[in-house]
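# Secondary and tertiary structure notes
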Amino acid sequence: MSQISHDRLLIIDFGSQVTQLIARRLRELNVYCEIHPYQKVTDAFLREMAPRAIIFSGGPDSVMREGSPRPPRAAYDLGVPILGICYGQQVMMQDLGGKVEAGEHATAEFGRAYVTPTGVASGFVEGWFDAGAREQVWMSHGDHVSEIAPGFEVLGTSPGAPFAITADQARRFYAVQFHPEVHHTPNGARLYENFVRLAGFKGDWTMGAYREEAIAKIRAQVGDKRVICGLSGGVDSSVAAVLIHEAIGDQLTCVFVDHGLLRQGEAEEVVAMFRDNYNIPLIHADEADLFLGELEGVSDPEIKRKTIGRLFIDVFQKYAGQIEGAEFLAQGTLYPDVIESVSFSGGPSVTIKSHHNVGGLPEKMGLKLVEPLRELFKDEVRALGRELGLPQSFIGRHPFPGPGLAIRCPGEITREKLEILRKADAVYIDQIRKHGLYDEIWQAFVAILPVRTVGVMGDGRTYDFACALRAVTSVDGMTADYYPFTHDFLGETATRIINEVKGINRVTYDITSKPPGTIEWE
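Thresholds, definitions, all that
Residues numbered from 1 in each chain as written. Predicted model: local features only at pLDDT ≥ 70, side-chain atom pairs only at ≥ 80, totals over all residues. Heavy atoms only, no water. UniProt positions renumbered as here; feature names shortened; annotations may be inferred. Helix = DSSP H or I, 4+ residues; strand = E, 2+ residues; numbered from the N terminus. Buried < 20%, exposed > 50% of the residue type's maximum accessible area, 1.4 Å probe, protein only. Domains from an automatic or database assignment. Contact = heavy atoms within 4.5 Å. Buried area = accessible area lost by both parts, 1.4 Å probe. Salt bridge = Lys/Arg side-chain N within 4 Å of Asp/Glu carboxyl O. Polar contact = N/O pair within 3.5 Å; in protein donor to acceptor, adjacent residues only side chain to side chain.

As recorded in an unreviewed UniProt entry, the chain goes by GMP synthase [glutamine-hydrolyzing] and comes from Roseovarius mucosus DSM 17069. The heading Function (unreviewed entry) in the UniProt record of the chain holds the text "Catalyzes the synthesis of GMP from XMP." In its Subunit (unreviewed entry) section, the UniProt entry covering the chain states "Homodimer."

We now examine unusual backbone geometry. A cis geometry characterises the amide bond from Lys514 onward to Pro515, with omega recorded as -15°. For Asn30, which is not glycine, the phi torsion reads 60° and is therefore positive. Of note, Asn30 is situated in the loop between helix H1 (19-28) and strand S2 (32-37). The phi torsion at Arg172 lies on the positive side, around 60°, for a residue other than glycine. Relative to the assigned elements, Arg172 resides in the loop between strand S10 (161-168) and strand S11 (173-176). Its relative accessible area of 29% is what places Arg172 among the partly exposed residues.

This part takes up the domain arrangement of the chain. For the chain, the assigned domains are domain 1 (9-199), domain 2 (207-396) and domain 3 (415-509). Listed per partner, the contact involves 14 residues of domain 1 and twelve residues of domain 2. In total, about 1,100 Å² of surface goes out of reach between domain 1 and domain 2, with carbon and sulfur atoms giving 55% of it. By the criterion of area lost to domain 2, the three top residues of domain 1 are Gln20, Arg24 and Arg27, representing 49% of everything that side buries. The interface formed by domain 1 and domain 2 contains two salt bridges. The partner of Arg24 in a salt bridge is Asp379, and the shortest N-O contact between them spans 3.4 Å. Applying the counting criterion to the domain 1 and domain 2 interface returns three residue pairs in polar contact (both at pLDDT 80 or more).

As structure tokens, this is what we get:
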């Protein structure tokens, strides 16, 4: 459990796919919260954590099934406000004396719905309903509450959910059948704002406060020992490195493994930023020949990822061995990584693709972990980076995968294809910046395709590579949609790439969402 000193809000996770969005909404209100699966939340856990408020998430189960997920009974006896969402509402009603019935067509609701107020005054819905108006919400339920628990009253109704919003105002228990955390409940954030206000949160979870606390924790953990940090050049590891350096100075050494699969000018940019701007001890491990040599002839994407991951560990270990007295390994682990490492059901999940990280290194090298970002979401890491003074041009960069251009080069990797890809990608990003679109896009890149196509340039025939442009919008990378460029932009960009990049004679645009596709091509 976290050692954060702020008032805490506990989110008990019953398996909803959007539980992380609840936490994001609360963090945006400067409220510190933690997500824990219901199996972990025992009476002893509640006593130790001492949350100021609790939220029950949604979930896929039915409260009428024997053995379905439940919160500990002690949660209701803490005397703190509780908000139940969807399945969380049904659990609350069932536990406290109400009734839930199995879904029928007439009472099930999936998708957009509208809630109208009953006129009962409550701080929970203050400012939410306009006078006499209805509010759009997002429903996703089969079962429904058929009788509310004693002490509750109805604040809002919808055609399929007569108890869409209920409250026991004396005990500060609130429950909604819809999902206020999702984009499709446009004013849902107001309900969270009201809830945390009713719970008495001060809204003191800021990056300035986090920075001071994190520095104190790093100093207490590390003492006078040395730390090594695997620097990828991405935002997460860079912010972690600058934060740790602020805490312990030259006790930190960064190892930047250049695998030859970076974007144009990227290695030079990273090295210059850390050596010149921050004066952080840095080992630049130029191992491009090793990586590209091992990847020669490899076309299977999983083998590519695993080869890069294995070589990264070998190379990192080689250079880390040159740092005498290192006892700690720093990683840019984020809160979503922590949440996703705890399986809700305890069962296996499908591996879509292997992830490139330094997993296994701490045990192999006998090192202890320093993970100063493990309580933060991605947008909070960027806010911390700004707090630490990293340049906005760097903090705002699009995500870049650990395996780099290897997974933007389907099929066999060659130096020729990588050079073509770097140049095409540089033109594409330059176009996006020139048109003022960079910050509207979550991630954009070029993939070079494993096919050659016939073209005509001047009076001659060409037989060169085709490439695909990819640009997506997203909040957290879990789901994504393609960016709707204008045809004029795409035409102008394709013309520039074909004219300026020797080796490409055909440009396509990828309009696949995630799901069913992934953001990267491999």
